[in-house]
Amino acid sequence: MPDLTTPIRPLAAMVLTLAIGGWQAQQMRAAAAARAAGTLAAAAPMAQGRAAHTATSLGNGRVLVAGGFTGQEDTLAGAELYDSWSRRFTPAARMATPRQSHTATTLADGKVLLAGGYDARGTSLASAEIFDPSAGTFAATGTMRSARAGQVAVRLADGRVLLAGGVGPGWTFLASAELYDPSTGTFTATGAMGVPRESHAAARLADGRVLVAGGHRGRRTDVELYTSQEIYDPSVGGFAPAGDMTVRRHKHDAILLADGRVLISGGTDERDFAGRYASAEIFDPRTGRARRIADMRVPRYKHQGTSVRLPDGRVLLAGGADRAEIFDPGTESFQLVEGEARMAGQFSATAPLANGGVVITGGYGEHQGPQAAAWLYGP
């Protein structure tokens, strides 16, 4: 039996020292990565719970939070404003038409176009309205060519807004698309997509075209999910097929990266909550192909429009789950955001703030209905 009182041989001591040093270095790197990912903290709540609403930065330290459903039967939420200086929500003017599952798009002049969605009875809307931050008021604008809810909306380089797909009256799934022209306040038809899409995602590419990814048509047992993607070209006013995603996705998100690629994250299959994805992929417009990357730290779905590109080029994914995480395009890796706050998750809405932070509002999930809660991400 060895004599445990004898000194450790120099070589063994060196190995032990290196092992301890390596472990400490690993812990220090992990701690530094956690700090770099930022923190999440609870904020002052909104006036009422809401989900399937929108949150839009107004460029003056304020955020417009509009619409959504409240969890009460036949009740839709109105609008309120978040002030990043006081960190409080205050009531906004009355919306022209209460709506949920609509789109909100910042126009070139700083006004916000709110279009479509469902009314309190679940009927798709053709109406649209403009919020004017300087006056603090909503006013009706032109009527869409098709009533639609759950569509995508993307501002084009020339200031017009592309609206595509969604659900029309009687649960019809739409392939049609239209353009809103702020100079005339009118909608006009443009070329249709190759297939009807709902729960799809979209991102404007660096060259001004628009990528539309995935989605589905049909309901329940008749639902059909897509791997397919299309690109809208404003110069020709039509869509053309793009390379497929690596997996069928709906209820996912897509966001343009600083280098021109597109991050596509999460979503689900036909099983909804039970089929949530942690997977992610990157579409490269230069090659027209998508490729799988490392998985996210948590699965997330029903988070369309909640990903935010931060000033340093990283991306905050703050919807579709109770935890937020950061995507680093350089390493193509994900890191959980620190903090004790747990978010509602599905159908929340986010908006970037001038200080590099992000406000996250409402949503439902984690066995809870639409929440009035809000959270602040700090880099």
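Everything numeric here is computed off the predicted structure, so don't read it as measured data.

A. The arrangement of the sheet that holds strand 32 (residues 374-378) in detail. If you trace the four strands from one edge of the open sheet to the other, you get 1-32-31-30, paired in antiparallel fashion. Each edge of the open sheet carries a strand with a single partner, namely strand 1 (39-43) and strand 30 (349-352). Across the sheet, the mean angle separating the axes of adjacent strands is 25 degrees when strand polarity is ignored. Pairing geometry for strand 30 and strand 31 (residues 358-361), over four bridges, is antiparallel. When the bridges of strand 31 are listed, A349 appears paired with T361.

B. Structural context of the pattern of salt bridges. All told, the structure shown has 20 salt bridges when counted by the stated rule. Between R197 and E230 there is a salt bridge whose closest N-O contact spans 2.9 Å. Highlighted residues: R197 in the loop between strand 15 (186-190) and strand 16 (201-204) and E230 in strand 20 (residues 229-233), separated in sequence by 33 residues. In the salt-bridge network here, residues are joined through shared partners; they are D259, R261, R291 and E332.

C. Main features of the packing of aromatic side chains. Enumeration over the complete set of coordinates arrives at ten aromatic pairs. Measuring from ring centre to ring centre gives 4.8 Å for Y82 and F89, while their planes differ by 50 degrees; the resulting arrangement is tilted. The residues Y82 and F89 share a single accessibility class, namely buried. For the ring pair Y180 and F187, a centre distance of 4.8 Å and an interplane angle of 50 degrees mean the geometry is tilted. Cluster of aromatic residues (ring-pair linked, three or more members): F69, F347 and Y364. Over the face of the ring belonging to Y226 we find R197, whose NZ or CZ atom lies 5.1 Å from the ring centre.

Cut-offs used in this document
- Residues numbered from 1 in each chain as written.
- Predicted model: local features only at pLDDT ≥ 70, side-chain atom pairs only at ≥ 80, totals over all residues.
- Heavy atoms only, no water.
- Pairing = 2+ DSSP bridges.
- Helix = DSSP H or I, 4+ residues; strand = E, 2+ residues; numbered from the N terminus.
- Axes fitted to C-alpha atoms, helices over the stretch in contact; angles between N-to-C directions.
- Salt bridge = Lys/Arg side-chain N within 4 Å of Asp/Glu carboxyl O.
- Phe/Tyr/Trp six-rings, centres within 6.5 Å; stacked < 30°, edge-to-face > 60°.
- Buried < 20%, exposed > 50% of the residue type's maximum accessible area, 1.4 Å probe, protein only.
- Lys NZ or Arg CZ within 6 Å of the ring centre and 35° of its normal.

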